[in-house]
Amino acid sequence: QVQLAEFGGGLVQPGGSLKLSCIASGNIFTVDAIDWYRQATGKERELVATITSTGRENYAESVKGRSTISRDNVKNAVYLRINSLKPEDTAVYYCNYPERMAKGHWGQGTQVTVSL
């Protein structure tokens, strides 16, 4: 099973941008869809964005128009850039894929805090 680890979170002012990285332990070209999720304190985990092996992208309405998901099968990485960050974007961000989620496996995530 390909393992994933998330990086790139931090403290950002409203209106700022962040690029999150999801680094795989193996070849992600064997994985079809890879997702970014986030979970704010006291809330359910929500799907933020998905990218398939063919490059098709989907976004949650909450980030559509200000986010870009991308993948690099050579570097075995998936990225999520969010622009115009809002306080409501504050959450722990995770990347994952269906087969791994089905086994209940998640990484530690990366904390994004949007605040003055």
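Below, the structure is looked at part by part.

Reading the values: rules and limits
Residues numbered from 1 in each chain as written. Predicted model: local features only at pLDDT ≥ 70, side-chain atom pairs only at ≥ 80, totals over all residues. Heavy atoms only, no water. Pairing = 2+ DSSP bridges. Helix = DSSP H or I, 4+ residues; strand = E, 2+ residues; numbered from the N terminus. Axes fitted to C-alpha atoms, helices over the stretch in contact; angles between N-to-C directions. Buried < 20%, exposed > 50% of the residue type's maximum accessible area, 1.4 Å probe, protein only. Disulfide = S-S within 2.5 Å.

1. A look at the sheet that holds strand 7 (residues 67–72)
- One open sheet accounts for four strands, arranged 1-3-8-7; its pairing is antiparallel. The sheet is open, and its two edges are formed by strand 1 (4–7) and strand 7, each paired on a single side. The mean inter-strand angle of the sheet, taken between neighbouring strand axes irrespective of direction, is 15°.
- Where strand 1 lies against strand 3 (residues 18–24), four bridges are found, and the strand directions are antiparallel. Residue Glu6 lies in a different strand from strand 3, and its bridge partner there is Cys22.

2. Some words on the pairing of strand 4 (residues 34–39)
- The buried count for strand 4 comes to five of six residues, which makes it a mostly enclosed element.
- Across five bridges, the pairing between strand 4 and strand 5 (residues 46–51) is antiparallel. What sits directly across from Trp36, in strand 5, is Ala49.
- Adjacent in sequence and paired antiparallel, strand 4 and strand 5 are bridged by six residues, among which Gly42 carries a positive phi angle near 80°.

3. Let's talk about the state of the cysteines
- Within the structure shown, the criterion is met by one disulfide.
- At a sulfur-sulfur separation of 2.1 Å, the disulfide partner of Cys22 is Cys95. With the S-S dihedral at roughly 80°, the linkage between Cys22 and Cys95 falls on the right-handed side. Of this pair, Cys22 sits in strand 3 while Cys95 sits in strand 9 (residues 91–96); the two residues are 73 residues apart in sequence, bridging distant segments of the chain.
- Overall, Cys22 belongs to the buried group, its relative accessible area being 1%.
- Cys95 sits in the buried class, given a relative accessible area of 0%.

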